[in-house]
Amino acid sequence: MVTDPGHFRPFETSLDAERSLRTVKAACAGGEDGELFLERHRAQTLVFDDGRLRDASYSASEGFGLRAVAGETAGYAHSSEISEAALQRAMETARFAVRNGGGIMAPPPHATNQKLYAETDPVSEMQFPARVELMKEIDAYARGLDHRVVQATAVLASSLQEIEILRPDGALMRDRRPMVRLNVSVIVEENGERHSGYAGEGGRYSLLSLTEPHLWQGLAKEALRIALLGLSAEPAPAGVFDVVLGPGWPGILLHEAVGHGLEGDFNRKQTSAFAGLMGQRIAAGGVTVVDDGTIADRRGSISVDDEGTPGQTTTLIEDGILVGYMQDRQNARLTGVQSTGNGRRQSYAHPPMPRMTNTFMLAGSGEPADIAAELRDGIHAVGFGGGQVDITSGKFVFSCTEAYRVRNGKIGTPVKNATLIGDGATALRNIRAIGNDLQLDPGIGNCGKNGQWVPVGVGLPTLLIGGLTVGGQVA
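Position numbers for residues start from 1 in each chain and track the written sequence from start to end. Given that this is a predicted model, residues contribute local features only at a pLDDT of at least 70 and side-chain atom pairs are listed and counted only at 80 or more, while totals for whole chains, interfaces and linings are drawn from all residues. Heavy atoms throughout the structure, all of them, feed into the side-chain values; hydrogens and water do not.

Caption draft 1: Highlighting the environment of threonine 357. Here a helix means four or more residues in a row that DSSP labels H or I, a strand means two or more in a row labelled E, and each is numbered from the N terminus. Note that threonine 357 resides in the loop between strand S13 (353–354) and strand S14 (358–361). Note: C-alpha distance between threonine 357 and valine 290 (67 residues apart in sequence) is 9.9 Å. Under this definition, polar contacts are N or O atom pairs within 3.5 Å; protein pairs additionally need one hydrogen-donor-capable and one acceptor-capable atom, and for neighbouring residues in sequence, both atoms have to be side-chain atoms. Polar side-chain contacts of threonine 357 include one of 2.7 Å to the side chain of aspartate 291. One polar contact links the side chain of threonine 357 to the main-chain amide nitrogen of glycine 293, over a distance of 3.2 Å.

Caption draft 2: Region of the structure containing the pairing of strand S21 (residues 445–449). Here S21 shows one buried face, formed by Gly445, Cys447 and Lys449, and one open face, formed by Asn446 and Gly448. When DSSP locates at least two bridges between a pair of strands, those strands are taken to pair. Where S21 lies against strand S22 (residues 452–460), five bridges are found, and the strand directions are antiparallel. Bridge pairing in S22 links cysteine 447 to valine 454. Hairpin connection of S21 to S22: two residues between the antiparallel strands, including asparagine 450 at a positive phi of 50 degrees. Burial classification: accessible surface area is computed with a 1.4 Å probe over protein chains only, and a residue below 20% of its type maximum counts as buried, one above 50% as exposed, and the rest as partly exposed.

Caption draft 3: Geometry of the sheet that holds strand S5 (residues 172–190). Sheet architecture is open: six strands sit in the order S3-S2-S1-S4-S5-S6, paired in antiparallel fashion. Only two strands of the sheet have a single partner each, and these edge strands are strand S3 (73–79) and strand S6 (193–203). When strand polarity is set aside, the average angle formed by the axes of neighbouring strands in this sheet is 20 degrees. Where strand S4 (residues 149–166) and S5 come together, 17 bridges link them in antiparallel fashion. Across the sheet, serine 158 pairs through a bridge with valine 180, a residue of S5. Helix axes use the C-alpha atoms of the stretch in contact, all axes being lines fitted to C-alpha atoms, and the angles between their N-to-C directions lie in the range 0 to 180 degrees.

Caption draft 4: Expanded view of the side chain of glutamine 161. Relative to the helices and strands, glutamine 161 is located in strand S4. Of the residues examined, glutamine 161 reaches a relative accessible area of 11% and is grouped as buried. Of note is the side chain of glutamine 161, whose polar atom sits 2.8 Å from the side chain of glutamate 39. We call two residues in contact when some of their heavy atoms are within 4.5 Å. Setting aside residues no more than four positions away along its own chain, glutamine 161 makes contact with Glu39, Arg40, His41, Asp175, Arg176, Arg177 and Gln346.

Caption draft 5: Focus on the nonpolar core. Remark: nonpolar core denotes a set of buried residues (Ala, Val, Leu, Ile, Met, Phe, Trp, Tyr, Cys) joined through side-chain atoms within 4.5 Å. One finds Val287, Ile317 and Leu420 to be the most contacted residues of the largest nonpolar core, which totals 44 residues. With residues up to four places along the chain from it excluded, the contact list for valine 287 reads Ile317, Glu318, Asp319, Gly320, Met361, Leu428, Ile431 and Ile434. If you look at the next biggest cluster of nonpolar residues, it comprises 29 residues, including Leu219, Leu224, Ala227 and Leu231.

Caption draft 6: Focus on helix H3 (residues 128–144). Each helix should span, by expectation, one fewer than its residue count multiplied by 1.5 Å. Taking 1.5 Å of rise per residue, 17 residues should cover 24 Å, and H3 covers 25 Å from first to last C-alpha, within 8% of that figure. Among the structural elements, strand S1 (33–49), strand S2 (52–70), S4, S5 and helix H4 (213–232) are those in contact with the buried residues of H3.

Caption draft 7: Spotlight on the packing of helix H1 (residues 17–28) against helix H2 (residues 84–94). At a closest axis distance of 9 Å, the pairing of H1 and H2 adopts a crossing angle of 15 degrees. By the angle class used here, H1 and H2 are roughly parallel. The element H1 and its partner H2 pack so that their crossing is left-handed. When H1 is examined against H2, the residues Arg19, Ser20, Thr23, Ala26 and Ala27 are found in contact with a partner set consisting of Glu84, Leu87, Gln88 and Met91. Roughly parallel refers to an angle under 35 degrees, roughly antiparallel to one over 145, roughly perpendicular to one between 65 and 115, and oblique to any angle outside these ranges. Take the far helix as the reference: if the near one is turned anticlockwise from it by less than a right angle, the crossing is left-handed, and if turned clockwise, right-handed.

Structure, rendered in structure tokens:
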């Protein structure tokens, strides 16, 4: 963080630091908060499919968003033109939110020097021909793994987001955020039946890390393994069953069914299933859930959030008791608490709101094998696809991409077309065992809220949850 506006360097534009600060002050005069958010973003994505480069895209954008906040009201204006004229027009629009005056400006975020990811530019690290050759190599390898592979697809994505945040008090924050991701998927066919499998990895680090053969070969093998499971899978049963969730990516269920309900805006507005329950037991003993934006190189991590607050570790549920919500500056101020560094936005064209970073449940003491052995008749869910959640009620529906039938403690045949149905509050209370094997996801998650998408991370140890409804095939 830099507090001297003379260090304001808005991406080699014509903006003058002192005049920009005066404009931001004028926009927020009489308000309680606000900022000028500048962003420059570059991204490149290659899609290799059907043995050829199907799509190659490169994008570059820059712009600013100017916000003025008073109480529950926020004025926001943005432009892809970074100029003093555009900034002046934005000021005249944004200040409508604070035009009645009388507000006391909130103090700036605390300064930080934390850097959670390398100063790398993954968009420029590898020339385009080399990327294409890598994709060809991945495609050939995936197709050669098994004679039943009829299609392989690889997606290689890299981006760099650079931001600067200038506050009306002169505080200045900046961040440089790399992101990379590699996905591999395959389709297998046998006796006229087709199934697909998918694997991916990513994070805030160098693109060159994804070019290591052991990594992409491992992704191809994992995608094939999941696809082949479908050929031997039986229809999933239907009914109410105890369910064991595997570690890692199944944390997406926690993210959706519980995490969104613990965001500050939903609770301030009393629209969350967890509103008004602070300090009360909402989960089984031993359940501790955190949102941690400070894990180095992780997809959901942020050195500073999009309001300039340093990324933090926030305990949401501690030993089953609700102890915290995720807050941006506006909702924190309105509820008399501090921002938790969860003010995030998709781009300069979007205002910030409370969003998750890396959200996961801490490990317990159970041995994963013993937890599965407790299951008399149920489902062991290892992978998840899409899902839907109602924030107000907490009800969720998730489809399983990898699941197995369990009888008498023995993990048996894979099942297909299984869906898990329940609600977050009940699922938390029905957790009966927590494994000692916490894993985070491989770095491929995105989260949508109010039309905005941001990268996130999830995680989970092995869990035993009693009494989830499984949607499948009625016997």
